[in-house]
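Each chain, letter by letter, is given below.
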Amino acid sequence: MSLTLAEVEHIARLARLELSEEEKIRFREQLSAILDYAARLQEVDTRNISPTAWTVNVQAPLREDVPAQGLPTSEVLSNAPQVQDNQFRVPPVLEG
Amino acid sequence: MVAFEAVIGLEIHAELLTRSKMFCSCPVVDSTQAEPNVAVCPICAGMPGTLPVINRQAVELALRVALALGCQIHPVSVFARKNYFYPDLPKGYQISQYEQPLAVNGILPIETESGWREIRIRRVHLEEDTGKLSHVHADGEVYSLVDLNRAGVPLLEIVSEPDLRSAQEVRAYAQTLRILLRTLQASSGDMEKGALRIEPNISVRPAGSSTLGTRVEIKNLNSFRSLERAVAYQIEVQVGKLSRGEVVEQETVGWDEAQEITFSQRSKEEAHDYRYFPEPDLPPLVVTPEWVESIRAALPELPWERQRRYVEALGLAPAEARLLVSDPALADFFDRVVGALKRAPARMAATWVTGELLARLNEQGQTLEVLRLSPEGFADLLDRTVEGQINLNTAKGVLQEMCMSGKPAVQIIAERGLEQVSDPEWIARIVAQVLRENPAELDKYRSGKSTLFNWFYGQVMRLTRGKANPQMVREELTRCLEDQVRGES
Amino acid sequence: MSELTDLSVPELLAGMRRGDFSAVEVTRAFLRAIECLEPSLHTLITFTPELAVRMAEEADRRYRAWRHEGSSTEAALPPLLGIPIMIKDVLCLKGVPCTCGSRILQDFVPPYTATAVQRLLDAGVVVLGKTNTDEFAMGSSTENSAFGATRNPWNPEHVPGGSSGGSASAVAARMTPAALGSDTGGSIRQPAAYCGVTGIKPTYGRVSRYGLVAYGSSLDTVGVFARSAAETALFFSLMAGHDPLDSTSAREPVPPVSLPDTPNLNGLRIGVPEEYFISGMSAEVEQAVRNAIAQMEHLGATVQNVRLPHTGYALPVYYLIAPAEASANLARYDGVRFGYRAPAERLWEMFDRTRGNGFGAEVKRRIMLGTYALSAGYYDAYYAQAQKVRTLIRQDFLDAFQQVDVIACPVAPTPAFRIGEHTDDPLAMYLEDIFTLPANLAGIPGLAFPAGFSATGLPIGMQLMSAPFREEILFHTAHAYQQVTDWHTRRPPLTP
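All figures in this text were calculated on a predicted structure; none of them were measured in a lab. All chains use their own residue numbering, which begins from 1 and follows the written sequence. Chain labels run from A onward and ligand labels from 1 onward, assigned in the order the entries are written. Local features are withheld for residues below a pLDDT of 70 in this predicted model, meaning they are given only at 70 or higher, and side-chain atom pairs are given and counted only at 80 or more; totals for whole chains, interfaces and linings count all residues. Hydrogens are left out, water is left out, and the side-chain values use all remaining heavy atoms of the structure.

Caption draft 1: Seen up close, the overall build of chain A. Helix numbering and strand numbering both begin at the N terminus, where a helix is a DSSP run of H or I of at least 4 residues and a strand a DSSP run of E of at least 2. Looking only at helices and strands, one finds three helices and three strands in chain A. Each helix and strand of chain A, ordered N terminal to C terminal, gives the series α-α-β-α-β-β. For the radius of gyration, the atom set is restricted to C-alpha positions; the globular benchmark scales as 2.2 Å times the number of residues to the power 0.38. Here chain A has a C-alpha radius of gyration of 23 Å; the compact-globule value for 96 residues is 12 Å, and the former is much larger. By its C-alpha atoms, chain A is 55 × 45 × 20 Å across when sized along the principal axes. Counting the 96 residues in chain A, one finds 45% classified as buried. About 5000 Å² of surface is accessible on chain A, with carbon and sulfur atoms providing 50% of the total. When charges are counted, neither His nor the chain ends are considered; positive counts come from Lys and Arg and negative counts from Asp and Glu. For the purpose of locating charges, the reference atoms are NZ of Lys, CZ of Arg, CG of Asp and CD of Glu. Across chain A, 9 positive and 15 negative side-chain charges occur, with their mean positions spaced 3 Å apart. Three labels apply to residues, based on accessible area from a 1.4 Å probe with only protein chains included: buried if under 20% of the type maximum, exposed if over 50%, partly exposed otherwise in between. Accessibility throughout is a Shrake-Rupley quantity obtained with a 1.4 Å probe, and a residue counts as covered only by protein chains that appear here.

Quick look at the structure:
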């Protein structure tokens, strides 16, 4: 299998996903199968090929520097799970 | 005993002076003053389905800075996603530039004790700022709060090569860059408000070595003073370790202002794999040669060019030149004064601008913008002083009134009858009168108390209400007093 | 039930203009259909009957005012005034929940509307509700929705396809005349084929993505389902066109779609790619598609073989690029500013648990895949290599379109599969997309429409693809085909 359990845990940490032990095992199998399948891309010679990141515009449009009012504060916060002092409240960042 | 040298590079982020944010039209507000979350829209809040659109003015300002630094501009540059999680990062990634930045390979000249040095600039690129996270301990609760006013504000990142060798050089680099940013009106450069953020990377190696040692990065410096001290401290720490044969660990440290030490800030949770990839929502940024040339042609005189010109062409003292250059508005004023001068030398203007004028501004809490004095009027005052119409002392008073009333020098002089008198007979009569009316002091002078010369001088100036030509008064007084001493009456 | 739900969009518009029936009557007819069929089909996540009636009442006010004026031309009326639509629940409509089929956005109510939706609102449509979708548009069956699967009106034991399964099923069941969808790897075309309706995946950049919750940013498109190519074209032309809010939005002008009354495909060159007729695909599907192509030849088109040699790499390319982009696009779902938040004492726990609980298995799988493909040490081998092979895939198409005007091929290897058939095997599920993925990778448009039925009564669709920005050829060809066939008029067993 191409992925180890430790690698699965590492990716889950990078992606900030809490996984159960059972999920880790299942994902390890499934992701390995997909990655093995994806490895066939290695057989394509792309030495002189440039990547396609954008299929349409050749260049980004530029916006004039004219400020416009955004959302009222109440709408900025209207979907927030927890609000305090007109800010988004989250559990403390520092290690407890 | 092995000698060590410090190898320092600086990574600087400057908030650009645009009116709207980098990728949306929200107004840029002072996030240290505004109410929280008043300048936020779905785009900078990272709400689902929203997309970025590049602010043209941010690109213009970035090009201005890059060209002033002599960088090579990439006609095509690419935005990239820098992926990490943090509560003040709404999208869970920051839109920045990675493999293909806007500009590379520039120079920032700095003045050191041993002369000018050229510090190489590795790259200049655009990115967006994060929101603000604050930590609260209140009523037994501990939590953090997020304000998104600052999220999406345009930032210019300027990265130097590790060419700096001392804390003093680091400070000089930072100050020069700040002046440049202000001269170009690209950023306020205000470190205390977070508009200029400086992160030094410091390593130490045996002098003469060409390999690089392990780097330590310092974050959260709020002033040039902390910057210089923190760098100096960190150099000491590393030299100490290496001298003892210890290893320097790669880490990020913060600066404790109170204790004046650096302390480790290594974050345990975040593994820093940013997984950069080109931003699919933004096609490449294309900058035409015409656009670049028009910006280059419109560049003002750069601070180091101006400083050299002041010293070499105008003969200013280096300290005065540096002082003028450090305040672009003041230097602009000075240049216009010099342009209007007919008799007075530029050096005099420099002394007056950096001395009297600044003093007047400070005491009245004014700035050049609200000053009612025009550069031409100022030049006129200096010319009249050199021509002898008024003396220096009088001129200072006239300047004060010019600042307050906005009236031209000629009018003030006429209204207050301030014209200096240079009539030798009149001066001789006043001097004689002062000596005659103060026999006790004259006796003391004859007995050796020569400091009374200044007292006599003051009396003459008082009697003439300051209008007498000081030079002539001194000459006359000297002559008379010498006569007195020799015993002639 | 009511015949109003059987009328085409032009017929509904004509009837409302003539005053044969009101917009409210039209809307109520579809609302009744929904009430009748929704328990069996589950096409909707959010049903908006009050909003719909209010919008229909407003439409009626405008029709009355227009009739009162007398002399005005029809051009004075918004072109879709009073026409009901449904909207896939990945497109934002201000004030209405947008869940993306996910628990993590269960209560999210956007304070903004997607540009494509706004253009249709400006055209006068009435919104019936937000349709079910695979979570964050990741899936080929709509089984990945956190709110339950949608069923196929041709056989409720079968999937409607995905990820726009709710929209396709609702249109097929005549619960709505049209519905919006999104297509990142086939999510409009495959459900269109499975449900026997017509669906357009436009050229990338043709319809604004502003307000479409992002999955694979360089692949996502907004499109529409209807019961015929002509009706699909109507909605398409109102949504398409440059949007300053989307930096990837194309400036190419949108030509008006002209659909002649008599079917004629003279001069049309059809390319048939052998790479799309693989062993293992259903014989019935192959037969239906080849018959359809033969039909088009009878109408005057010429047919030739074309080669798309890198087709076999489309699947691995897609399943590296889409998840990579998705892993970044879904990083914003962290419980801080909107959506579900898991209880936790500390911040990082909150992030991990929110995302661990809030996302379903398929989404987590793709986030993991994408994170891996972008991670240090693997970027060049996976993501960068995939983007390069993508260039080759796109070039295959651009070369082919030098010789032909459209490429004709199947949409899926089989008709709609059974609910639960692929749940344990994600790779098998991914293989359902092999005929649709290439168009997304190349950024070209694709139109799917019915071309027959299987022996068991399940629809079989076919697909036409064209060069970028040539959607009008697709509509023209499919419309001609629909003038001489009646697959698209058949009614599924489950209808009002």
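Caption draft 2: Structural detail: the sheet that holds strand 11 (residues 459-466) of chain C. Residues and elements named next belong to chain C. Within the open sheet, the 11 strands sit side by side as 1-3-2-4-6-5-10-11-9-7-8. Their pairing is mixed. The open sheet terminates on both sides in strands that have one partner only, identified here as strand 1 (44-47) and strand 8 (302-306). Neighbour-to-neighbour, the strand axes of the sheet open up by a mean angle of 30°, direction not taken into account. Strand pairing is assigned whenever DSSP detects at least two bridges linking the two strands. Structural elements are reduced to axes, namely lines fitted to C-alpha atoms, with helices fitted over the stretch in contact, and the angle between N-to-C directions of any two is expressed from 0 to 180 degrees.

Caption draft 3: View of the interface of chain A and chain B. In this complex, chain A contributes 35 residues to the contact, which on the side of chain B involves 53 residues. Across the chain A/chain B interface, buried area totals approximately 3900 Å², and carbon plus sulfur atoms make up 59% of it. We define a salt bridge as a contact between a side-chain nitrogen of Lys or Arg and a carboxyl oxygen of Asp or Glu at a distance within 4 Å. Where chain A touches chain B, the interface holds two salt bridges. Of the charged contacts in the structure, one is a salt bridge between R89 of chain A and E141 of chain B, with a shortest N-O distance of 3.2 Å. Polar contacts, as counted here, are pairs of nitrogen or oxygen atoms within 3.5 Å of one another; within protein the pair requires one atom able to donate a hydrogen and one able to accept it, and residues that are adjacent in sequence qualify only if both atoms are side-chain atoms. Linking chain A with chain B are 24 residue pairs in polar contact (both at pLDDT 80 or more). Residue contacts follow a heavy-atom distance rule, with two residues in contact if any of their heavy atoms lie within 4.5 Å. Throughout, buried area stands for the accessible area (probe radius 1.4 Å) lost by two parts on being put together, summed over both.

Caption draft 4: Structural context of helix 5 (residues 165-172) of chain C. Residues and elements named next belong to chain C. Counting buried positions over the eight residues of helix 5 gives eight, a clear majority of the element. Of the residues making up helix 5, those classed as buried are G165, G166, S167, A168, S169, A170, V171 and A172. In this structure, the buried side of helix 5 is in contact with helix 2 (23-41), strand 2 (84-88), strand 3 (126-131), strand 4 (178-183), helix 6 (189-195) and strand 6 (221-226). After helix 5 finishes, the residue R174 shows a positive phi value of roughly 60°.

Caption draft 5: Just the interface of chain C and chain A, in detail. Facing the 67 residues of chain C at the interface are 50 residues of chain A. For the pair chain C and chain A, the summed buried surface comes to about 5200 Å²; carbon and sulfur atoms form 64% of the total. One can count three salt bridges joining chain C with chain A. The shortest N-O distance in the salt bridge between R353 of chain C and E18 of chain A comes to 3.5 Å. Examining the composition of the side of chain C that touches chain A, we find that 11 residues originate from one element, helix 12 (residues 380-400) of chain C, more than from any other. Throughout this entry, Asp, Glu, Lys and Arg are counted as charged residues, while Ala, Val, Leu, Ile, Met, Phe, Trp, Tyr, Cys and Pro are counted as nonpolar. The remaining residues, Gly among them, count as polar. Looking at side-chain class alone, the side of chain C that touches chain A contains 36 nonpolar, 15 polar and 16 charged residues.

Caption draft 6: Region of the structure containing the sheet that holds strand 9 (residues 132-138) of chain B. What the four strands build is an open sheet, ordered 2(A)-3(A)-10(B)-9(B); its pairing is antiparallel. The two strands at the open ends of the sheet, each matched to only one other strand, are strand 2 (83-84) of chain A together with strand 9 of chain B. In this structure, strand 9 of chain B lies alongside strand 10 (residues 141-147) of chain B, joined through seven bridges in antiparallel fashion. Looking across to strand 10 of chain B, one finds that L133 of chain B is bridged to V146 of chain B.

Caption draft 7: Examining the pattern of salt bridges more closely. Residue and element names in this part refer to chain B. Applying the stated criterion to the full structure yields 65 salt bridges over all chains. As a salt-bridge pair, E293 and R296 come within 3.2 Å of each other at their nearest N and O atoms. Residue E293 and its partner R296 are both found in helix 4 (residues 289-297); the two are separated by three residues, about one turn of the helix. The exposure class of R296 is partly exposed, given its relative accessible area of 41%. Note that R486 is salt-bridged to E482, the shortest N-O span being 3.8 Å. Bridged by salt links that share partners, the residues E301, R306, R309, D332 and D335 form one connected network.

Caption draft 8: Broad picture of the packing of helix 1 (residues 9-18) of chain C against helix 3 (residues 49-69) of chain C. Residue and element names in this part refer to chain C. Two elements in contact, helix 1 and helix 3, have axes whose closest approach is 9 Å; the angle formed by their N-to-C orientations is 55°. Considering their axes alone, helix 1 and helix 3 lie oblique with respect to each other. Across from L13, M16, R17 and R18 in helix 1, the residues of helix 3 making contact are Y63, W66 and R67. Here the residues of the contact of helix 1 with helix 3 are counted per class, giving four nonpolar, no polar and three charged. In these notes the angle categories are as follows: under 35 degrees is roughly parallel, over 145 is roughly antiparallel, 65 to 115 is roughly perpendicular, and the rest is oblique.

Caption draft 9: How the structure looks around the packing of aromatic side chains. Any two rings among Phe, Tyr and Trp, with Trp reduced to its six-membered ring, count as a pair given centres within 6.5 Å; such a pair is stacked if its planes are under 30 degrees apart, edge-to-face if over 60, and tilted if neither. Here the structure, examined in full by the defined rule, presents 32 aromatic pairs over all chains. Centre to centre, the rings of F85 of chain B and F351 of chain C are 6.1 Å apart; their planes meet at 65°, and the pair counts as edge-to-face. Remark: F351 of chain C occurs in helix 10 (residues 347-358) and F85 of chain B occurs in the loop between strand 5 (79-83) and strand 6 (93-97); the pair is interchain, linking two chains. Like F85 of chain B, the residue F351 of chain C is buried in the burial classification. Members of the aromatic cluster, each reached through a chain of ring pairs, are F108, F136, Y333, F338 and F359 of chain C. It is R89 of chain A that lies over the ring of Y143 of chain B; its NZ or CZ is 3.7 Å from the centre. When the ring centre of F277 of chain C is taken as origin, the NZ or CZ atom of R290 of chain C, which lies over that ring, is 4.1 Å away. Here, a charge over a ring is recorded when the distance from Lys NZ or Arg CZ to the ring centre is within 6 Å and its angle to the ring normal is within 35 degrees.

Caption draft 10: Spatial organisation of the confidence of the model for chain C. A score between 0 and 100, pLDDT records how confident the predictor is in each residue. Taken as a whole, chain C shows an average pLDDT of 95; of its residues, 99% reach a score of 70 or greater. We note a pTM of 0.92 for the whole complex and an ipTM of 0.96 for its interfaces.

Caption draft 11: Structural view of the nonpolar core. Only buried residues count toward a nonpolar core. Its members are Ala, Val, Leu, Ile, Met, Phe, Trp, Tyr and Cys residues joined through side-chain atoms within 4.5 Å. Formed by 201 residues in total, the largest nonpolar core has its most connected members in F136, F397 and M462 of chain C. Setting aside residues up to four positions removed in sequence, F136 of chain C forms contacts with C100, S102, I104, L105, V213, Y215, L330, Y333, F359 and V363 of chain C. Grouped together as the second largest cluster of nonpolar side chains are 77 residues, L16, M22 and L164 of chain B together with A384 of chain C included.

Caption draft 12: Examining helix 5 (residues 303-312) of chain B more closely. Residue and element names in this part refer to chain B. Among the residues of helix 5, those classed as buried are P303, W304, R306, Q307 and Y310. For helix 5, the angular spread of the buried residues around the axis is 160°, confining them to a single face. Where helix 5 is buried, its residues touch helix 1 (56-68), strand 7 (103-112), strand 8 (115-128), helix 2 (167-183), helix 6 (318-325) and helix 7 (328-340). What the arc covers is the set of directions going from the helix axis to the C-beta atoms.

Caption draft 13: Examining the environment of Q400 of chain B more closely. Residues and elements named next belong to chain B. For Q400, the location among the structural elements is in helix 10 (residues 392-405). In this structure the C-alpha to C-alpha distance between Q400 and R308, which are 92 residues apart in sequence, comes to 31 Å. The contact partners of Q400, leaving out residues within four places of it in the chain, are R360, E363 and Q364.

Caption draft 14: Spatial organisation of unusual backbone geometry. In this model, G162 of chain C is joined to S163 of chain C through a cis peptide bond whose omega is 5°. Mapping S163 of chain C onto the fold places it in the loop between strand 3 and helix 5. If you check the backbone angles, D85 of chain A has positive phi at about 50° while not being a glycine. Positionally, D85 of chain A belongs in the loop between strand 2 and strand 3 (87-90). For D85 of chain A, a relative accessible area of 54% puts it in the exposed group. Although it is not a glycine, N220 of chain B sits at a positive phi angle of roughly 65°. Examined against the element boundaries, N220 of chain B turns out to sit in the loop between strand 13 (216-219) and helix 3 (224-243).

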